[in-house]
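# What the coordinates show
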Amino acid sequence: MDPSLRKEREAFLKKAKSQPAVEKRKLKPSSNENTSKKPKLSKPAAPKASIDYKTAQGSSQYRFSVLARIVKHMKTRHQDGDTEPLLLEEILDETNQLDVTNSIRHWLATEALLDNPKIEVINNSDGQKFAFRPKLDIRDRKGLLRLLKSHDSQGKGGIMMEDVEESLPNAEKAVKSMGDYVLTVTRPTDKKKILFFNDRILKCEIDEEFQKYWRSVAVEGLDEAKIEEYLTRNGISSMQDAGVRKMAVPKRKKGGVKKNRQFKRHNEHLSDVLKDYSEFSKT
């Protein structure tokens, strides 16, 4: 290296070391500045696009919404007394769903309406028609009365009022017109009404004094053992024979040792002849 250049370099380094360097520090923001600055607001989230089932013609949710609307309409028609079956096009027209695609029409005619338990399929010369299938096969109040009698005689109990309303047009009016032939009981758990047949032959008048005694005795929460104990304490022993009696099974006699039975002979005059034949049988 050239000695002149080396001297210039050393002189430059000495001069640089002799001059002090000043470091610039970052100033901390004061509390006033922090309060003055407004917090940044987050951008509002973009609203979710709502699904229009009319545009999503091929979606399964749209298909089942079409089916549910049809079943509800057929049920309403039946409850209003209109039980005439309809073609698929007539159903779609009454439910304002003529804009459905051909694929959904095919699905309704070949799968959905055929497999639905609430829809009855009727095939005739006009084509395939559909009607509502109620839970009970009744058409008028006489049919309801016969069904209640059948349930009562067979021990099946009552019939739910909601099933009658689904099956019988103007059900409430029909039940009221039957008068004393029907008993209505409200179930305490879910407040649903149950209809029972009222057999008026079994009707009997009970003295009011006995009714007062009956209602004054509270047996709620008592089992049969406690009720029997209460009656016994009050000198009443009528419940002793109220239980189910068990039939005593007769014991079989044990079979003893079989003894050789001796039979009486009534043909003693042939005893000699039988002895002769017995000898031939041994040979």
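Everything quoted here is computed from the prediction, not taken from an experiment.

This structure, assessed with the given rule, holds 2 aromatic pairs. Note on Phe 64 and Trp 107: the rings are 5.5 Å apart at their centroids and 85 degrees apart in plane angle, and the pair reads as edge-to-face. Residue Phe 64 is located in helix α3 (residues 60-79), and its partner Trp 107 is located in helix α5 (residues 102-115); the two are separated by 43 residues in the primary sequence. With a centroid separation of 6.4 Å and 35 degrees between ring planes, the pair formed by Phe 210 and Trp 214 is classed as tilted. With Phe 210 and Trp 214 both in helix α9 (residues 208-216) and 4 residues apart, this pair spans about one turn of that helix.

Attention now moves to the pattern of salt bridges. For the coordinates displayed, the defined rule picks out 9 salt bridges. Here Glu 89 and Arg 105 are joined by a salt bridge, their closest N and O atoms 2.3 Å apart. Taken together, the residues span a long stretch of sequence, with Glu 89 in helix α4 (residues 88-94) and Arg 105 in helix α5 at a distance of 16 residues. Several salt bridges share partner residues, and in doing so they unite Arg 77, Asp 82 and Glu 94 into one network.

Let's shift gears to the pairing of strand β2 (residues 119-124). Pairing between β2 and strand β3 (residues 127-132): 6 bridges, direction antiparallel. Note that in β3 the partner of Asn 123 across the bridge is Gln 128. The loop that links β2 with its antiparallel partner β3 comprises 2 residues.

Within the element layout of this structure, His 151 appears in helix α6 (residues 141-153). Setting aside chain neighbours within four positions, we find His 151 in contact with Lys 156, Gly 157, Gly 158 and Ile 159.

Bridge analysis of strand β1 (residues 86-87) against β3 gives 2 bridges, and the strand direction is antiparallel. Residue pairing across strands places Leu 86 opposite Phe 130, the latter belonging to β3.

Between two packed helices, what matters for the description is the angle formed by their axes and the separation of those axes. Relative to each other, α3 and α5 sit at 60 degrees, their axes nearing to 11 Å. As far as their axial angle goes, α5 and α3 are oblique. Between α3 and α5 lies a crossing of right-handed hand. Contact residues: Tyr 62, Arg 63, Phe 64, Val 66, Leu 67 and Ile 70 in α3; Ser 103, Ile 104, Trp 107, Leu 108, Ala 112 and Leu 113 in α5. Among the residues forming the contact of α3 with α5, the class breakdown is 10 nonpolar, 1 polar and 1 charged.

With that settled, consider α6. In this model α6 runs 18 Å from its N-terminal to its C-terminal C-alpha over 13 residues, within 8% of the 18 Å that 1.5 Å per residue would give. Taken residue by residue, α6 has Gly 143, Leu 144, Leu 148 and His 151 as its buried positions. One side of α6 carries all its buried residues, which in axial view fall inside an arc of 140 degrees. Looking at α6, the residues exposed on the side facing more than 90 degrees away from the buried face are Lys 142, Arg 146 and Ser 153.

What counts, and at which threshold
- Residues numbered from 1 in each chain as written.
- Predicted model: local features only at pLDDT ≥ 70, side-chain atom pairs only at ≥ 80, totals over all residues.
- Heavy atoms only, no water.
- Phe/Tyr/Trp six-rings, centres within 6.5 Å; stacked < 30°, edge-to-face > 60°.
- Helix = DSSP H or I, 4+ residues; strand = E, 2+ residues; numbered from the N terminus.
- Salt bridge = Lys/Arg side-chain N within 4 Å of Asp/Glu carboxyl O.
- Pairing = 2+ DSSP bridges.
- Contact = heavy atoms within 4.5 Å.
- Axes fitted to C-alpha atoms, helices over the stretch in contact; angles between N-to-C directions.
- Parallel < 35°, antiparallel > 145°, perpendicular 65-115°, else oblique.
- Left-handed = near helix turned anticlockwise from the far one by under 90°.
- Nonpolar A, V, L, I, M, F, W, Y, C, P; charged D, E, K, R; others polar.
- Expected span 1.5 Å × (residues − 1).
- Buried < 20%, exposed > 50% of the residue type's maximum accessible area, 1.4 Å probe, protein only.
- Arc of directions from axis to C-beta.

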